[in-house]
Amino acid sequence: MKRLYYILTALIISAYSVFGYTILEDFNDFLVDENQLTIRLDRFGVLAGTENLRFMVGVEGETAGVLIDNLDNGVKGGVNTFRPAATAGFGYKTDSFGIGFGYQFKYISGTWHAHTPIITATALNDNLRINIPVTIGVGMGGVNDGDMAVSTDIRVEYYTGNDIFSRIRVNLQYGMYSMKANDSRVYSMSSAPVVPGHNTTFGFPDDTQAHSIGIDVRGYFIAATDPILIEPQIRLIYKASLKDFGGPSYTISGQTGSSGFGFYQVDASSPIGAIGAYNPSSHNLPLETGGTITIGETDYYITKPQFIGLSVPVGFTAESEFITLYLEPAVSFSMITGGVNAGIASMKPVRIPPVFYSLGYLVYGELYITPMPNLEWYFEAQVGGATTVDNIGNSSDSGLVFNGSTGITYRF
């Protein structure tokens with residue numbers, strides 16, 4: 001069940017981290033923020049310009065983040081991985097509106113690169129903000145030769161100016177992955193056939209595609225108190241597979257079949273590697289978006305997966321002349337449902353009975369130290385975990401992650 005915990009907790013954890021100007025989701029902030037230099041463990045960015053013209057450039061990598069992780073057999077993140085992504089953008093802004101354009105290139109591997117053009121805009125005195133990144137993933141040789149993927153996460157945000165209901169944010173998501181059949185994705189057992197005299201082939205002998213959609217709605221509220229500002233939030237997520245991959249296909253003793261699977265969030269920056277029914281070491285699925293799930297000791301492919309999540313964070317802000325502290329505890333409830341198929345071990349899909357439920361928690365914190373008006377030292381940390389409902393209190397079946405980052409911001 002470790003993979004299930006990884007899926008659920010990754011969704012909880014990834015929702016809150018606040019970083020600099022190299023993050024695509026917050027790209028439109030460069031139209032409204034002041035000039036600054038941001039240096040953190042995993043990114044470097046500069047924002048500069050005049051009152052009307054804005055420019056930014058930055059580089060990010062995965063050199064900070066997960067410090068402790070017992071979710072996926074103890075695999076740690078942090079400095080073990082560096083996948084650089086370079087972003088540049090420019091914009092034009094007036095008193096009534098702003099518009100910006102950007103581009104990010106992300107190196108995933110020698111066989112997969114991700115290109116992301118971005119359009120962003122602000123209106124209504126910066127109260128309305130729209131951000132449209134479109135990521136295009138391209139395979140170049142090896143197992144990903146001929147693959148292509150497209151995904152987008154359109155963000156619309158409106159600041160109401162109301163003293164109680166301060167902000168609403170909606171993210172609309174779509175993804176498409178086109179998988180090309182090649183020799184790396186076909187696993188033949190001709191030398192040791194299941195039935196003597198017959199060849200057996202697993203993998204992807206045919207081209208196939210998968211599609212997904214999603215919506216993420218967040219409401220932000222204010223419960224002003226002195227000296228602490230309290231900001232309750234509510235977040236509702238729905239993600240689903242529109243179309244599953246038509247595979248892996250198999251041929252046994254001249255009979256063919258398929259154990260198709262899908263993703264509830266296709267991400268163009270996550271390539272899919274080789275998948276062979278009798279070659280488990282070749283599996284390379286982005287588990288946080290669906291793909292496979294473990295029941296007992298058996299790996300199943302998920303068909304028509306759906307994810308529903310509800311989380312309720314509450315933000316607390318306290319500040320003095322030199323220090324600002326922000327804490328955000330949150331609880332969440334998540335569900336995954338769909339059909340499962342064990343490949344040739346099960347000749348027809350078996351529905352998950354009936355859904356997987358999970359409870360999660362997260363405590364996220366930010367600390368800002370400002371020794372000078374234009375210099376800020378920033379700390380960020382978050383701890384969280386998840387467990388299935390029927391395993392509450394069983395520490396061996398629970399997941400825990402601790403993340404952290406730090407850096408400085410110089411405003412000029």
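What counts, and where the lines are drawn
- Residues numbered from 1 in each chain as written.
- Predicted model: local features only at pLDDT ≥ 70, side-chain atom pairs only at ≥ 80, totals over all residues.
- Heavy atoms only, no water.
- Helix = DSSP H or I, 4+ residues; strand = E, 2+ residues; numbered from the N terminus.
- Buried < 20%, exposed > 50% of the residue type's maximum accessible area, 1.4 Å probe, protein only.
- Areas by Shrake-Rupley, 256 points an atom, 1.4 Å probe, with all protein chains shown as cover.
- Pairing = 2+ DSSP bridges.
- Contact = heavy atoms within 4.5 Å.
- Phe/Tyr/Trp six-rings, centres within 6.5 Å; stacked < 30°, edge-to-face > 60°.
- Lys NZ or Arg CZ within 6 Å of the ring centre and 35° of its normal.
- Salt bridge = Lys/Arg side-chain N within 4 Å of Asp/Glu carboxyl O.
- pLDDT = per-residue confidence, 0-100.

Remarks on the overall build of the protein
So, step 1. If you tally the helices and strands in the protein, you get 1 helix and 24 strands.
So, step 2. Considering the protein as a whole, with its 412 residues, one finds that 46% of them fall into the buried category.
So, step 3. Counting every atom, the protein has about 19,000 Å² of accessible surface; 63% of that belongs to carbon and sulfur.

Quick word on the pairing of strand E13 (residues 208-221)
So, step 1. The sheet contact formed by strand E10 (residues 165-179) and E13 spans 14 bridges and is antiparallel. Bridged to Arg169 within E13 is Arg218.
So, step 2. Where E13 and strand E15 (residues 229-243) come together, 10 bridges link them in antiparallel fashion. What sits directly across from His211, in E15, is Lys243.

With respect to the side chain of Thr208
So, step 1. Looking at where Thr208 falls in the secondary structure, it is placed in strand E13.
So, step 2. Using a relative accessible area of 9% as the deciding quantity, one classes Thr208 as buried.
So, step 3. Among residues more than four places away in sequence, those in contact with Thr208 are Tyr177, Ser178, Met179, Phe245 and Gly246.

A word on the packing of aromatic side chains
So, step 1. According to the stated counting rule, one finds 12 aromatic pairs in the structure shown.
So, step 2. Aromatic side chains Phe245 and Phe261 sit 5.5 Å apart centroid to centroid with 55 degrees between the ring planes, which places their arrangement in the tilted category. With Phe245 in the loop between E15 and strand E16 (249-252) and Phe261 in the loop between strand E17 (255-258) and strand E18 (292-295), this pair connects stretches of sequence that are 16 residues apart.
So, step 3. Among the residues examined, Phe261 registers a relative accessible area of 0% and is labelled buried.
So, step 4. Seen in terms of ring centroids, Phe261 and Phe263 are 5.8 Å apart; in terms of plane orientation they differ by 75 degrees. Their pairing is edge-to-face. Each member of the pair Phe261 and Phe263 is classed as buried.
So, step 5. In this structure an aromatic cluster arises from ring pairing among Trp112, Tyr177, Phe245, Phe261 and Phe263.
So, step 6. Directly above the ring of Tyr378 sits Arg40, whose terminal nitrogen or CZ lies 4.0 Å from the centroid.

A look at the side chain of Thr409
So, step 1. Among the structural elements, Thr409 can be located in strand E24 (residues 398-411).
So, step 2. According to the relative accessible area criterion, Thr409 is buried, its value standing at 1%.
So, step 3. If sequence neighbours within four positions are ignored, Thr409 has contacts with Gln36, Leu37, Thr38, Arg40, Asn374, Leu375 and Glu376.

What to know about the environment of Gly161
So, step 1. Tracing the backbone shows Gly161 in the loop between strand E9 (148-159) and E10.
So, step 2. Sequence-wise, Gly161 and Asn127 are 34 residues apart; in three dimensions their C-alpha atoms are separated by 8.2 Å.

Some words on the pattern of salt bridges
So, step 1. Per the stated rule, a full pass over the model turns up 9 salt bridges.
So, step 2. A salt bridge links Arg129 to Asp29; the nearest nitrogen and oxygen atoms lie 3.5 Å apart. Pair noted here: Arg129 is in strand E8 (residues 128-139) and Asp29 is in the loop between helix H1 (2-13) and strand E1 (36-40), with a separation of 100 residues, a long-range link.
So, step 3. Classification of Asp29 as buried rests on a relative accessible area of 17%.

Overview of the confidence of the model for the protein
So, step 1. With 67% of its residues at a pLDDT of at least 70, the protein reaches an overall mean of 76.
So, step 2. Of the regions scoring below 50 in pLDDT, residues 190-198 engages in 7 contacts with residues more than four places distant in sequence or in other chains.
So, step 3. The model gives residues 392-396 a pLDDT under 50, and that stretch makes 3 contacts with residues more than four places away or in other chains.

Let's talk about unusual backbone geometry
So, step 1. Positive phi, close to 55 degrees, is recorded for Leu124, a residue that is not glycine.
So, step 2. Following the sequence through the fold, Leu124 ends up in the loop between strand E7 (112-123) and E8.
So, step 3. The phi torsion at Asp126 lies on the positive side, around 70 degrees, for a residue other than glycine.
So, step 4. Here Asp126 is to be found in the loop between E7 and E8.
So, step 5. Taking relative accessible area as the criterion, Asp126 reaches 21% and is therefore assigned partly exposed.

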